[in-house]
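Chain and residue survey
If you want the building blocks of each chain, they are given just below.
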Amino acid sequence: MIATESIEQMADELFLAEKNATELDKLVDRYPHFDVELAYEVQQRLVNRKCIEEKTRVAGWKLGLTSKAKQEMMGVHEPTYGVLLQNMQLYSGEPISLGPFIHAKIEPEIAFIMNRELRGPGVTVADVLAATEYVAPALEIIDSRYRGFSFTLLDVIADNSSSSRFIIGDKLTRLGDFDLSLVGMVFKQNGKIVATSAGASVMGHPAKAVAWMVNKLALTGQYVKPGEVILSGALTGAVAMKENDVFSCHFDHFGSLDVSFM
Ligand code: OOG
């Protein structure tokens, strides 16, 4: 059994590591009897503390480790979810300072903007698509609080799935006569292609990842609310940024998005 004080302590360690931009040793090595349920409890405590101290609110959700590319890169073979807060959202056009990050990386994703409540269990891909107002290109900046960006499944869940910042493209597209799994994507760094992918890299279909998450949220009585955004998971491996880098993702059907760093 892990005592409530340990859950609080783990959340506090993660909160301070982010605030002070310092690396943390993995929790699994230090807290025995840690499991997935407890890891999500730590995540929830961490998110609650961030909401209070940073005076922010929930903006939506993110999936992590939904693609083979990401699972192989990180050595974690199950998807996870995390919470997006309003103060994590940044906008294209303004260079982003690398100052606050520990060792951040960037990755391209498909964002869903929801128009109605989605509550599991039993949510299907069709339910997710019916509740989707728009899809849009997105770039997610992830920044693990663990030393060397190295973690286990439990560590990364507790760390809010490495959430740090996110940027959503201005062009919002209604789902129509195209298959999200076949939407192609080109990811570039300073104009050079670093990876190409398609929607299907995310669990076969990005809406499948969203359905997976909604059904997991139901285990703790949580659900997706109208207007929330969901990042469905990276389509490629993540890339570390350096000063003056420009990253862009170009999607078939729903446009492109770029961000620069300073
Ligand atoms: C975990 C989060 C990964 C994704 O989309 O795969 C993620 C990590 O790799 O740090 O957000």
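Quick caveat: nothing in here was measured; it's all calculated off a predicted structure.

**Brief notes about the pairing of strand 12 (residues 255-260)**
Pairing of strand 11 (residues 246-251) with strand 12 involves 6 bridges; the strand directions are antiparallel. Looking at the pairing, Ser-248 lines up with Asp-258 of strand 12. Hairpin remark: strand 11 followed by strand 12, antiparallel, with 3 residues in the connecting loop; positive phi at His-253, about 75 degrees.

**Focus on the site of the ligand**
Surrounding the ligand, one finds 15 residues, the nearest of these being Gly-64, Lys-70, Ser-162, Gly-233 and Ala-234. When contributions to the shell around the ligand are tallied by element, the ones reaching two or more residues are strand 1 (58-64), helix 3 (68-74), strand 5 (132-142) and strand 9 (229-234).

**Focus: the sheet that holds strand 12**
Strand order across the open sheet formed by 4 strands is 8-7-11-12, with antiparallel pairing between neighbours. Each edge of the open sheet carries a strand with a single partner, namely strand 8 (192-198) and strand 12. Put simply, the sheet's adjacent strands are angled 15 degrees from each other on average, direction ignored.

**Structural notes on the packing of helix 1 (residues 4-20) against helix 2 (residues 36-53)**
Two numbers describe how helix 1 lies on helix 2: the axes approach to 8 Å, and their chain directions differ by 55 degrees. By the angle between their directions, the pair helix 1 and helix 2 is classed as oblique. Of the two possible hands of crossing, helix 1 and helix 2 adopt the one that is right-handed. Of the residues in helix 2, those touching helix 1 at Ile-7, Glu-8, Met-10, Ala-11, Leu-14 and Phe-15 are Leu-38, Glu-41, Val-42, Arg-45, Leu-46, Arg-49 and Lys-50.

So, how was this worked out
- Residues numbered from 1 in each chain as written.
- Predicted model: local features only at pLDDT ≥ 70, side-chain atom pairs only at ≥ 80, totals over all residues.
- Pairing = 2+ DSSP bridges.
- Helix = DSSP H or I, 4+ residues; strand = E, 2+ residues; numbered from the N terminus.
- Near = placed C-beta within 6 Å.
- Axes fitted to C-alpha atoms, helices over the stretch in contact; angles between N-to-C directions.
- Parallel < 35°, antiparallel > 145°, perpendicular 65-115°, else oblique.
- Left-handed = near helix turned anticlockwise from the far one by under 90°.
- Contact = placed C-beta atoms within 7 Å.

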